[in-house]
Each structure stands twice: as C-alpha cells, then as structure tokens.
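Working through the structure, step by step
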Amino acid sequence: MQGLKIAGYKAGLNALYLSGAHRYVSPRTQGRGAILMFHQVRARPPGRFHPNAHLEVTPQFLDVVVRRVRAAGMEIVDLDEAARRMAGPDDGGRFVVLTFDDGYRNNLTEAYPLLRELGAPFTVYLASGFADRTAVPWWDLLVALVRHVSQLSMQVGDQAIELPSRSLGQKRAACRIAATALCRVDEDEQRRAIESVARAHGIDPVELVAREMMGWGEVRTLAQDPLVTIGAHTVGHYALARLDAARARREMAESRDRIAEMTGSRPRHLAYPYGSQRSASEREFALAAELGFTTAVTTRRGVLTPDSRILALPRISMNGHFQHARYVDLLLSGVPLALEGPLRRLLRGSLSPSGTRASAST
Ligand SMILES: [Zn+2]
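Residues numbered from 1 in each chain as written. Predicted model: local features only at pLDDT ≥ 70, side-chain atom pairs only at ≥ 80, totals over all residues. Heavy atoms only, no water.

It is worth spelling out the pattern of salt bridges at this point. Tallied over the full model, the rule gives 20 salt bridges. Note that arginine 67 and aspartate 63 form a salt bridge whose closest N and O atoms lie 2.8 Å from each other. Pair noted here: arginine 67 and aspartate 63 are both in helix α3 (residues 59–71), with a separation of four residues, about one helical turn. Judged by relative accessible area, aspartate 63 falls into the buried class, the value being 18%. When the shortest N-O distance is used, the salt bridge between aspartate 101 and arginine 315 registers 2.9 Å. Of the two residues, aspartate 101 sits in strand β5 (residues 95–102) while arginine 315 sits in strand β12 (residues 313–317), which places them 214 residues apart along the sequence. With relative accessibility at 1%, the residue arginine 315 sits in the buried group. Shared partners join several salt bridges into a network, and the residues in it are Glu75, Glu81, Arg84 and Arg85. (Salt bridge = Lys/Arg side-chain N within 4 Å of Asp/Glu carboxyl O. Helix = DSSP H or I, 4+ residues; strand = E, 2+ residues; numbered from the N terminus. Buried < 20%, exposed > 50% of the residue type's maximum accessible area, 1.4 Å probe, protein only.)

Across all of its chains, the model carries eight aromatic pairs by this definition. Between phenylalanine 100 and phenylalanine 122 the ring centres are 5.5 Å apart and the planes differ by 80°, which places this aromatic pair in the edge-to-face class. With phenylalanine 100 in strand β5 and phenylalanine 122 in strand β6 (residues 122–126), this pair connects stretches of sequence that are 22 residues apart. The pair phenylalanine 100 / phenylalanine 122 is uniform in exposure class, with both members buried. Relative to tyrosine 327, the ring of phenylalanine 322 has its centre 5.6 Å away and its plane inclined at 75°; by these criteria the two rings are edge-to-face. (Phe/Tyr/Trp six-rings, centres within 6.5 Å; stacked < 30°, edge-to-face > 60°.)

Counting residues in each nonpolar core, the largest one holds 60 residues, and the members touching the most others are Leu36, Leu98, Phe100 and Tyr272. When residues of this core are assigned to their parent elements, the largest contribution, six residues, is made by helix α5 (residues 105–118). Setting aside its immediate chain neighbours within four residues, leucine 98 contacts Leu36, Phe38, Val66, Ile76, Leu115, Ala120, Pro121, Phe122 and Thr123. In this structure, Ala178, Val197, Ile203 and Ala239 belong to the second largest nonpolar core, which totals 38 residues. (Core = buried A, V, L, I, M, F, W, Y, C linked by side-chain atoms within 4.5 Å. Contact = heavy atoms within 4.5 Å.)

Turning our attention to empty space enclosed by the protein. What the rule picks out here adds up to two cavities of 30 Å³ or more. Its boundaries defined by the atoms lining it, the second largest cavity holds a volume of some 30 Å³. Lining of the second largest cavity is provided by Phe61, Ser317, Met318, Asn319, Phe322, Tyr327, Val328 and Leu331. In terms of residue count, helix α14 (residues 325–333) provides more of the lining of the second largest cavity than any other element does, three residues in total. Residues that form the lining of the second largest cavity fall into these classes: six nonpolar, two polar and no charged. (1 Å grid on protein atoms, 1.4 Å probe; cavity = no way out; pocket = protein on both sides within 12 Å on 5 of 7 lines; lining within 4 Å. Points joined across faces, edges and corners; volume = space filled by probe spheres on them. Nonpolar A, V, L, I, M, F, W, Y, C, P; charged D, E, K, R; others polar.)

Turning our attention to the pairing of strand β8 (residues 159–164). As paired strands, strand β7 (residues 151–156) and β8 are joined by six bridges and run antiparallel to one another. Across the sheet, glutamine 151 pairs through a bridge with proline 164, a residue of β8. Hairpin connection of β7 to β8: two residues between the antiparallel strands, including glycine 157 at a positive phi of 60°. (Pairing = 2+ DSSP bridges.)

A separate point is the domain arrangement of the chain. It is common to give the size of an interface as the accessible area lost on bringing the parts into contact. In terms of domains, the chain is made up of domain 1 (29–132 + 216–332) and domain 2 (138–205). Each of domain 1 and domain 2 was reduced to a C-alpha centroid, and the two centroids are 28 Å apart. Buried area between domain 1 and domain 2, both sides added, is near 1,500 Å², and the carbon and sulfur share of it is 49%. Summed over the shared surface of domain 1 and domain 2, the result is two salt bridges. There are 15 residue pairs in polar contact (both at pLDDT 80 or more) connecting domain 1 and domain 2. Within the side of domain 1 that touches domain 2, the residues separate by chemical class into eight nonpolar, four polar and five charged. (Domains from an automatic or database assignment. Buried area = accessible area lost by both parts, 1.4 Å probe. Polar contact = N/O pair within 3.5 Å; in protein donor to acceptor, adjacent residues only side chain to side chain.)

The next point concerns helix α9 (residues 187–200). Residues that lie three or four places apart on an α-helix share one face, since the helix turns once every 3.6 residues. Taking 1.5 Å per residue, 14 residues should reach 20 Å; α9 reaches 20 Å between its end C-alpha atoms and fits that length. Among the residues of α9, those classed as buried are Glu187, Glu189, Gln190, Arg191, Ala193, Ile194, Glu195, Val197 and Ala198. For α9, the elements touching its buried residues are α7 (138–148), β7, α8 (168–184) and α10 (205–212). Put simply, aspartate 186 is the residue that caps the front of α9, since its side-chain oxygen is 2.9 Å from the backbone nitrogen of aspartate 188. Two residues or fewer past α9, glycine 202 is found with a positive phi of approximately 80°. (Expected span 1.5 Å × (residues − 1).)

The subject of this paragraph is the confidence of the model for the chain. Here the chain averages 90 in pLDDT, and 92% of its residues register 70 or above. This model gives residues 348–361 a pLDDT under 50, and the stretch forms 42 contacts once residues within four places in sequence are excluded. (pLDDT = per-residue confidence, 0-100.)

This part takes up the state of the cysteines. Two cysteines, two sulfur atoms, one covalent bond between them: this is a disulfide. On inspection of all chains with the given rule, the structure shows zero disulfides. Take cysteine 175: it sits in no disulfide, and the sulfur closest to it among the cysteines is that of cysteine 183, at 11 Å. (Disulfide = S-S within 2.5 Å.)

Our focus in this paragraph is α10. Of the residues making up α10, those classed as buried are Pro205, Leu208, Val209 and Glu212. The buried residues of α10 occupy an angular sector of 95° when the element is viewed end-on, so they sit on one face. Buried positions along α10 lie against β2 (40–41), α5, α6 (128–131), α7 and α9. Looking at where α10 begins, the residue whose side-chain oxygen comes 2.9 Å from the main-chain nitrogen of valine 206 is aspartate 204. (Arc of directions from axis to C-beta.)

Spelled out as structure tokens, the structure:
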C-alpha cells in the first residue's frame, strides 16, 4: 500500500513536471527560499526491508540537490545568514539552507566531504543524548528488531502486539503497526517497550546508537569547520508537546548546554523532534523564544515566506523515495506544496511524501 501511495504521488509530480506549469507559477509559490531537511546520507543498503528509506538519500543525490539549487540561481547559506535575510527586506535573492537531523555518523563520513568540496554550508541538528549514548533512535531499533525476529511480540501500553514477521510483507506490516502503537503511548512507555523487547532478543540499544550516531569527537570535527553549524535537537528526542512544560524546557535547554560544553560553541538554532503539530506547537515555540534561540525549525512543509515565523520555520523534506533532479526542481518551485491539498484530494488519501512514512523520525 505504501508503494502505491508513493507511486501515486510520483505520478502527480511527474504530470506536473511534464506540464511545465511550475515554471510559470513558481514566482508566486517559491517564496524567498527554503530549508531542506535530510537525515541519513549513505549508499542504498542491500535487501528490500527498509521502512525508513524515506529518511535517507545517497551521496549522489545530495550532490544533485546542491547542483540543482545553484542552477536555479539560489544561494546556499547557513542559518545565521538565513535569519538575517528573513529579518530584512526581500532583495529578490533566493536562498536555501541544508539541514541534517539527529546526528547520524554518515553526516560526517558521507555528507561532509561532499559538501566541503562543494563549499556548501550545512547544519546538523544533534540530539545530545545520541552522542552521549543515553538515548536511542527507537525507529531504527524497531527496524533492527523486526528484521531479526520471525514473530513480533511486544506489550506497548495496554496493547499486546503479536504479529508474524517472516515474509517481507509481514515485516513491513509489523513495523507499521508497532510504530503506530509506539507513537500512541507516552514517551517513556514508548522507549521502555521497544528497548526491553530489543534486549530480550539480544539487540543492544546502546550498541545500535553507538554504531549509527556520531560520538562527541566526531561532532567536534564537524563543529570546528566554519561551514558547519551544530544545532540543538533536544536530549532524548521526545515529542516535546507530549511532555510536561518543565521537562520540555529541560530537553531544549540541556541539549544546548551539553553541546556547548562538548564543542565550545553554544547552539543558536533548534529543531523540534518530529516537528509535527502533534510534537511541537505554541507552547514549544514560546519556550524556544524564552530560551533565546535565534531560529527553530519544524517539519511543517513549506517554503520561507514573509509570514514564516522564525521559531516555527517550515522545511522541505528530501524524501528518499523521490531521489531525482526533477523532484528537486519541483519542490524548490513551491508548486507541489501549494498544490498538496488539491493533489491529495485528486489522488484520494494522504499521498504526500511525509504521509508515506512508516515510522516517524525527524
Ligand atoms: Zn530528529
């Protein structure tokens, strides 16, 4: 079903691209610029079970993105410069910010050499608990678990999950159902549920985070390059809106303090984990203001306009299912985002790339 949704959305985008309409409409939809969102950058891994494929792109595609952005006459700038431009009058120059969420090691090993070569500034939003090995990207842990077992047995809150997980189709379904259950319970129960069952199957969550995410030495390597901005992404990567206010505030403040302590530079920029309405809203935007962040990004889809709020900025996800130059051109035009409501209705159902995710992670 997920494959059908992606195919449907692609068909819509391809029709739009071939019509050429985006070229005529874009002056009204492209805004002043855009913040692009990436997660992992690596060669496509072998096998067919990759429920989080939307969260990774290849180095080749990242290269294509940078070249298409520049070919469209847009400048790649860092977040401080983007904030300055957004505060000033529109001089007609359009700009793009490249952002990478969570702190995956391949941001250092794959994205960094490429972007340094291209002279493209970028931001890594780091969940400090990943670098400290005290927090775990549960969406990756779930995939590792489902890949490993032939029967998924989990207790998530009140829900007992018992699902076969032998065939590819069964694994995909098990992953989707478990991810949905894990997003419904409170944040602490979510982590307890997935980590305990992973451990019971011999999968060590700490080993997983150490394998996938940068440690502080690696973060420092990035932080010392003026091309790189390290932003805060909280400590434990919880959906802030689902925590009480004091804890949400601590998550934001302590990740900034920890990054400052470990890199010598205090982050001025924040990304709300998951970034959806359900994860970050007015209360979190007010907390970001109170804590003095210069900018903060969500995952609400959109280009930057004069109406964009500096502590609730929209982004455009560079979805791994859409790794083609034409989709980059289209997304930068802002037209698919402007059309998303009508396009979705046309194709019946939630067909946006963000709607295709099996498990959330941003
Ligand atoms: Zn994230």
